[in-house]
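# Residue-level structural notes
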There are 2 protein chains.
Amino acid sequence: MKLYELCCSDERLFFSPFAWRIHMALAHKGLSFETVPVKFTDKEKIAFSGQKLVPILVDGDETVCDSWAIMNYLDGTYPDQPLFDCEQSRNYAHMIKFWVEATLGPAVVKTVLMDIVGKLHGDDRKYFVESRTQRFGKPLEDIVLQPEEGVAALGAALGPARKALEDRNFLSGDAPAGADYLLFGPLMWGRNSSSIELLAEGDTVMRAWRERMLDAHDGAARKSQSAH
Amino acid sequence: MKLYELCCSDERLFFSPFAWRIHMALAHKGLSFETVPVKFTDKEKIAFSGQKLVPILVDGDETVCDSWAIMNYLDGTYPDQPLFDCEQSRNYAHMIKFWVEATLGPAVVKTVLMDIVGKLHGDDRKYFVESRTQRFGKPLEDIVLQPEEGVAALGAALGPARKALEDRNFLSGDAPAGADYLLFGPLMWGRNSSSIELLAEGDTVMRAWRERMLDAHDGAARKSQSAH
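For clarity, every value in this text was computed on a predicted model and none was experimentally measured.

How each quantity is defined
- Residues numbered from 1 in each chain as written.
- Chains lettered and ligands numbered in written order.
- Predicted model: local features only at pLDDT ≥ 70, side-chain atom pairs only at ≥ 80, totals over all residues.
- Heavy atoms only, no water.
- Helix = DSSP H or I, 4+ residues; strand = E, 2+ residues; numbered from the N terminus.
- Rg over C-alpha atoms; globule rule 2.2 N^0.38 Å.
- Pairing = 2+ DSSP bridges.
- Axes fitted to C-alpha atoms, helices over the stretch in contact; angles between N-to-C directions.
- Contact = heavy atoms within 4.5 Å.
- Expected span 1.5 Å × (residues − 1).
- Buried < 20%, exposed > 50% of the residue type's maximum accessible area, 1.4 Å probe, protein only.
- Arc of directions from axis to C-beta.
- Parallel < 35°, antiparallel > 145°, perpendicular 65-115°, else oblique.
- Left-handed = near helix turned anticlockwise from the far one by under 90°.
- Nonpolar A, V, L, I, M, F, W, Y, C, P; charged D, E, K, R; others polar.
- Least-squares fit on C-alpha atoms with pLDDT ≥ 70 in both.
- Buried area = accessible area lost by both parts, 1.4 Å probe.
- Salt bridge = Lys/Arg side-chain N within 4 Å of Asp/Glu carboxyl O.
- Polar contact = N/O pair within 3.5 Å; in protein donor to acceptor, adjacent residues only side chain to side chain.
- pLDDT = per-residue confidence, 0-100.

The number of helices and strands found in chain A is nine helices and four strands. Going from the N terminus to the C terminus, chain A shows its helices and strands as β-α-β-β-β-α-α-α-α-α-α-α-α. Computed over the C-alpha atoms, the radius of gyration of chain A is 17 Å, within 12% of the 17 Å expected from 2.2 N^0.38 for a compact globule of 228 residues. Expressed along its principal axes, the backbone C-alpha trace of chain A runs to roughly 45 × 45 × 30 Å.

Residue and element names in this part refer to chain A. Overall, mixed pairing links the four strands, which are arranged β2-β1-β3-β4 in an open sheet. Taken across any chain shown, the strands that pair with only one partner, and hence form the sheet edges, are β2 (34–38) and β4 (62–65). Neighbour-to-neighbour, the strand axes of the sheet open up by a mean angle of 20°, direction not taken into account. Helix α2 (residues 67–77) rests against β3 (56–59) and β4 of the sheet, and its axis sits at about 135° to β4.

Looking now at helix α4 (residues 122–136) of chain B. All names here are of chain B. Compared with the 21 Å implied by 1.5 Å per residue over 15 residues, the 22 Å span of α4 between its first and last C-alpha is a close match. Of the residues making up α4, those classed as buried are Asp-124, Phe-128, Ser-131 and Arg-132. Buried residues in α4, looked at end-on, bunch into an arc of 95°, giving them a common side. Turned more than 90 degrees away from the buried face of α4 sit Lys-126 and Gln-134, all of them exposed. The inward-facing, buried residues of α4 abut α3 (87–119) and α5 (140–143). Positioned one or two residues after α4, Gly-137 has a phi angle of 75°, which is positive.

Once that is clear, we can look at the packing of helix α2 (residues 67–77) of chain B against α3(B). How two helices sit against one another is set out by the angle between their axes and by the gap between those axes. Residue and element names in this part refer to chain B. Where α2 contacts α3, the axes come no closer than 12 Å and their chain directions differ by 160°. Relative to α3, α2 is oriented roughly antiparallel. When the axes of α2 and α3 are compared, the crossing they make is right-handed. From α2, Trp-68, Asn-72 and Asp-75 reach across to α3, where they touch Arg-90, Ala-93, His-94 and Lys-97. A breakdown of the residues in the contact of α2 with α3 according to their chemical character gives two nonpolar, two polar and three charged.

Below, the discussion takes up the relation of the copies chain B and chain A. Once chain B is rotated about the relating axis by 180° and shifted along it by 0.0 Å, it coincides with chain A to within an RMSD of 0.0 Å. What we have between these two chains is a two-fold relation. Of the C-alpha atoms belonging to chain B, the one lying closest to the rotation axis is found on B:Ser89, 2.0 Å away. Most of the interface of chain B is mirrored in chain A, where 100% of its interface residues are also at the interface.

In this assembly, 26 residues from chain B lie in contact with 26 residues from chain A. Taken together, both faces of the contact between chain B and chain A bury some 2300 Å²; the carbon and sulfur share is 67%. In terms of surface lost to chain A, no three residues of chain B exceed B:Gln88, B:Tyr92 and B:Met95, which account for 31% of the buried area on that side. Put simply, chain B and chain A have zero salt bridges between them. Scanning the region where chain B abuts chain A turns up 14 residue pairs in polar contact (both at pLDDT 80 or more). Those elements giving two or more residues to the side of chain B that touches chain A turn out to be α3, α7 (159–165) and α8 (178–193) of chain B. For the side of chain B that touches chain A, the per-class residue count stands at 15 nonpolar, seven polar and four charged.

Right, let's talk about the confidence of the model for chain A for a bit. Reading predicted coordinates in detail is not appropriate for stretches of low pLDDT. Overall, the predicted model of chain A reaches an average pLDDT of 94, with 99% of residues at or above 70. Note on the complex model: pTM 0.95, ipTM 0.95.

A few words now on the sheet that holds strand β1 (residues 2–6) of chain B. Residues and elements named next belong to chain B. The sheet built from four strands is open, its strands ordered β2-β1-β3-β4 with mixed pairing. Two strands bound the open sheet, and with one partner strand each, they are β2 (34–38) and β4 (62–65). Adjacent strand axes in the sheet meet at a mean angle of 20° when their direction is disregarded. The strands that α2 touches are β3 (56–59) and β4; relative to β4, the one it contacts most, it runs at about 135°.

Here's what the structure looks like:
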């Protein structure tokens, strides 16, 4: 099985929050895989997939794109160790996915924006700055948050997860599963692309959860190359 | 079974978003119940419960307070027609509950604030204005949103739910269940306390879902007295 992930100029440094969902999902299921590092400008390398984004999972003859589709593919094809225990929880997690992307994603990217630029390969820098300037409609220097502003924005955005995690070790219950990986993606993005500490010192609930996630599945995430 | 709900000066007009969760949960399970209208200042009427908030469910000798605790009590005691199909979906819904309360609740209350005041019983008006002024730390007139601002704020807050509902009829799947009732509460609050239309005309996805929710369980919500 091959997982195509976004890398920095250091090809061991993976930072796509979407690819991290799948990295963790594969670890959850105990499926071994090979990582294929992809730069932003490596569009030819992934042209076979018929689209331009990672993650891409190649499983024998199957090529599956889009993190949500891959999570569903994995549960369909390898039903042991399900990411979602019932159809209803899969549906609820789908809403949680959109919540993560609408609130946490922007808070993280605005905080680590300049650190990402610094870590990218030369060709990728130009691509990243141009594409993000277009997406935000402003120059990056007008978007980037001071670290303390970023930590505050992310801390506020995490409110609902923090309250749920006051009652249990993982969003999913006693053990991590699908929705935990959805939420974990943006934090791994920050960890692997920036030395900025994204969680406030007093945010003991989210910090403890992050430690548990880093330890999960034999330390799959902690073992990865980080920017720290 | 008795459900203590918050009422306006018109005792048939119920507007607690938390009580509406239970109203719908009871309809979901096909359990018949009697509603006991409670005004904000009727604290003596609910003193037996040992706390000061609705909803309160009295089921024979059992008294259960707090909407989330009541939903769990109902699934534990009446497991047919579960509100949550598995423990994981219950856990995910718990996070969705906190999301609803942190984002949708404030958007609705800031929009319908003055309409609520107008609909309350005389004693309750004073209580409501004083308690909310204290909660917000400002006079209500500095909090209230213009209807179009409120619709925009709620529309933005609903983003993750709208995206999930593009793929299915209810957050829970083909039929409504627990998380749908959590999200529906604030909309019933608006409907039953204000004539302001909370969903933008172009928000066809959320409007269609609201219609389906109003129709659910033999029109349990639509049949209730509304401010429209």
